[in-house]
Amino acid sequence: MKIIKILILSLTVVITSLSVRAIDLEFYFPVAVGGGAAQVIEKFAEDYTKLNPDVNVKAVFTGSYTDTDTKFLTACKSGTAPATSVMIAVTIFKYIDEECVMAWDDILTQDEIDNWIGGFYPAFMANGQVDGKTYGIPFQRSTPVLYYNKDAFRAAGLDPENPPKTWDEQLEVAKKLTIKDSDGNVSQYGIRIPSAGFPYWLFSAIVYGNGGKIMNDNGTETYINSPEAIEALEKLVALSTTEGVMRPGILEWGSTPQAFFEGQTAMMWTTTGNLTNVRNNAPFDWGVAFIPGIKQFGAPVGGGNFYLSIDTTEEEQQATKDFVKWITEPKQSVAWTKATGYVAPRAETWESDEMKEFLKEFPYPAVARDQLEYAGPEFSTYEQPKTVSIFNRGLEAAVAGEKDPKTALLEAHAEIDKILKDYR
Amino acid sequence: MITKIKKHIPVILLLSPGFILLLTFVHIPVVKTIYMSFFSTPKGRKPSKFKGIENYEHMFSDPIFWKVMSNNIVYAISTIPSSIIIAIIMAQWVNSKLPGRPLLRFAYFLPVVLPLIAVGNIWLFFFLPGFGLIDQVGSLFGFQNTNILGNPDQVLWGIIVVSIWKESGFYMIFFLAALQGIPREMKEAAIIEGANSWQMFYKITLPMITPTLLFVSVNAVITAFTRIEHLFTMTGGGPNYNSALLLYYIYENGFEFWDTAYAITLSVLLIIILSIIGIGQIFLLDRKVHYQ
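For every chain, the first residue of its written sequence is number 1, and the numbers climb from 1 along that sequence. Note on labels: chains are lettered from A, ligands numbered from 1, in written order. Selection of residues for local features in this predicted model requires a pLDDT of at least 70, selection of side-chain atom pairs for listing and counting requires 80 or more, and totals for whole chains, interfaces and linings are taken over all residues.

J.: It is not clear to me how the interface of chain A and chain B should be interpreted in this structure. Could you clarify?
T.: It is common to give the size of an interface as the accessible area lost on bringing the parts into contact. Note on contacts: residues are paired as contacts if their backbone-placed C-beta atoms lie within 7 Å. Each partner contributes to the interface: chain A provides 26 residues, whereas chain B provides 24 residues. The set of elements that each furnish at least two residues to the side of chain A that touches chain B consists of helix H3 (65–77) and helix H18 (384–399) of chain A. The secondary structure listing takes helices from DSSP runs of H or I that are at least 4 residues long and strands from runs of E that are at least 2 residues long, numbered from the N terminus. Tallying contributions element by element places H18 of chain A first for the side of chain A that touches chain B, with five residues. In this count, Pro and Cys sit with the nonpolar residues alongside Ala, Val, Leu, Ile, Met, Phe, Trp and Tyr, while Asp, Glu, Lys and Arg are called charged and the others, Gly among them, polar. In terms of residue class, the side of chain A that touches chain B is made up of nine nonpolar, seven polar and ten charged.

Shown next, in the form of structure tokens:
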């Protein structure tokens, strides 16, 4: 009798302790595009917690990429980092350098490395791996594409189903699309390539399209002083100076889609993250095409990855892995693409019925996926925030007409080189 | 002896809460900041090392530092006097008997209640090239389109206008209070003596509001060096640091580049500048201030 009592007692203790021991899994996420991205993430966290009552996923919205970066590093330094965090892919070297993240490989089986990691598009893994180890799992990934106003094409006597494929074609088309009013004010520019804040991203598309590279895979050397890069910047600057098909000066990112909707520009380069925004707000017929290149197609990838915090218990690591695997499954991935326009990073997602159904009514996300074949990594080096700032500053100086393109790039390269020397 | 101490106990007790708070959150951090400016940034496993005045040498040879410094001086020189003058004019205006005076006061004060981030966003829309408010109004009169925030020569002036627009209303409230504190008899006496309105302003109003003027100008200097929120929404310090101010550069180095040692060094300079100007203003102007 006594034994049974003890057994029952200990059993209840075990059961209650089991039910109490739900793991709290905190993760930080930034929002870099419009629309209801934050609500979708919170819904994911809720759904996952419903499916897995022993894990309590707490999604913490942390502002922009920069804010999230600051919050994560501050938390890491004070020992309170979340188990995982979605952060911009290119800052990978800094997180490793600061010893805040660990490689996913350390908690994955060989089978998972082959089949799960292997299932992501290689273009998206480029900014997530260092020395063959995976630190970033692609999640909210994007790439720039060319958006064009089909109505404006028709008005200018151009074929709306035949967007420009090369830089020269793009320039020709842009000239035809540039319209001046009687005051000499340009009422519609041919093209808009935004240059405020982070001009390096779209600039690297032109460099890739010119057959160049911007940096090495180890993040210890840049090639922004190469002839391909200098020619790319000269062509970009010419658009708003000698050719007059783009508004002069630095152009905002945020107001670029607005300028497109208002008919201020007939074509724009911007991220696929804007697809849903343009779909909901463009009052005219529009299309999406590959970024036209000087010699070939080319574009950088961009966006955020899941990082695994170094300051985690084994239990948290397993729970995190399970959650991240779940969120990258086709069902969740399609919902994410629908809500934002981000490019689903796994081939299997694109083969799912839900995605095929979605593409039938809205085919443009597939353009971004097809462009991945020509895509290169985003600019990423050690001391990333500093180097990228120097790079941006040089590009801004050239676009704003303070320096000529060649001087701007040579100076930026020399300054970055001084910093990266220590890491070689 | 004991009675002497006893006499001081209430004084010490009354002063101590404020003193302890200031010591913990202002004075100790300031001293620690100065101390840490002689060390390098700790990184991963590398702890910080003593570097002597190397951080300061780096600062003085950094061309961007000189750029943000000269930006900040231009910014201060342009925003402080003009916002104070506009504030005095507005205060005089809303102090006189006008129909709809409360509405006018509210209109002038409205920018003050808006957060600077929101102000930045509103002005971002005004400045939009092509279809922003300024260009839409300008095009009615046949002006060329502008791109003020995208032009390295104009961007700082865009920021300056926003700052004046935002701060004038705030200073106006202080001047309004000061104007209402001027005794009516003085004005009446002046009118009887046949003083014209300029003489009234110069001989009566201005001397009577000098305490407020001192207070406002100290505040304005601090504001010119410490309010930078609009930079984040409007320009990000760009293009090419043409609109970056000293505090923005401190933030960028500290929390974007994580070069904390350099950010600390820049902060020390900011502390020195503000102390010198603040103390200097109080000592220099104090003699001319007319307290009742």
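J.: Please clarify how the packing of helix H5 (residues 116–127) of chain B against helix H7 (residues 155–180) of chain B should be interpreted in this entry.
T.: How two helices sit against one another is set out by the angle between their axes and by the gap between those axes. Residues and elements named next belong to chain B. Interaxial angle, 0 to 180 degrees, is taken between N-to-C directions of lines fitted to C-alpha atoms, where a helix line uses only the stretch in contact. Across the interface, H5 lies against H7 with an axial gap of 11 Å and an inter-helix angle of 130°. Looking at the two axes, H5 sits oblique to H7. Crossing geometry of H5 relative to H7 is assigned as right-handed. Contact residues: Leu116, Val119, Gly120, Trp123 and Phe127 in H5; Gly158, Val162 and Lys166 in H7. In terms of residue class, the contact of H5 with H7 is built from five nonpolar, two polar and one charged. The labels follow the angle: roughly parallel below 35 degrees, roughly antiparallel above 145, roughly perpendicular from 65 to 115, and oblique for the rest. Each crossing is labelled by how the near helix is turned from the far one, with a counterclockwise turn of less than a right angle marking it left-handed and a clockwise turn marking it right-handed.

J.: Help me understand the environment of Val155 of chain B in this model?
T.: Residue and element names in this part refer to chain B. Mapped onto the elements of the fold, Val155 is located in helix H7. The spatial distance from the C-alpha of Val155 to the C-alpha of Ser243 is 6.0 Å, given a sequence separation of 88 residues. Once you skip the residues sitting within four places of it in the chain, Val155 turns out to touch Ile148, Leu149, Thr235, Pro239, Asn242 and Ser243.

J.: What exactly am I supposed to notice about the nonpolar core here?
T.: Grouped burial of nonpolar side chains is what soluble globular proteins tend to show. Ile191, Phe203, Leu233, Met267 and Phe391 of chain A are the most contacted members of the largest nonpolar core, which has 115 residues in total. Leave out the neighbours within four places in its chain, and Ile191 of chain A touches Gln170, Ala174, Leu239, Val245, Met246, Thr265, Met267 and Met268 of chain A. Nonpolar cores are built from buried Ala, Val, Leu, Ile, Met, Phe, Trp, Tyr and Cys residues. These are joined into a set through C-beta atoms within 7 Å. Field definition: a residue is buried when 20 or more other C-beta atoms are found within 10 Å of its C-beta, exposed when 12 or fewer are, and partly exposed for counts in between, with C-beta atoms placed from the backbone. In this structure, Ala76, Ala87, Tyr241 and Tyr249 of chain B belong to the second largest nonpolar core, which totals 50 residues.

J.: Before we go on, may I ask you to explain helix H13 (residues 260–286) of chain B in this structure?
T.: Each α-helix turn comprises 3.6 residues. Residues three or four places apart therefore point the same way. All names here are of chain B. Here the expected span of a helix is defined as 1.5 Å times the quantity of residues minus one. Here H13 is 27 residues long and its end C-alpha atoms lie 38 Å apart, about the 39 Å a rise of 1.5 Å per residue gives. If you check which residues of H13 are buried, you get Ala261, Tyr262, Ala263, Ile264, Thr265, Leu266 and Ser267. Those residues of H13 that are buried are in contact with helix H1 (2–36), helix H2 (54–60) and helix H12 (246–256).

J.: Can you help me understand the domain arrangement of chain A in this one?
T.: Residues and elements named next belong to chain A. The domain limits used here are those given by an automatic or database domain assignment. The domain architecture assigned to chain A consists of domain 1 (23–142 + 302–365) and domain 2 (144–300 + 383–423). A straight line from the C-alpha centre of domain 1 to that of domain 2 covers 28 Å. In this assembly, 18 residues from domain 1 lie in contact with 13 residues from domain 2. The residue makeup of the side of domain 1 that touches domain 2, split by class, is ten nonpolar, seven polar and one charged.

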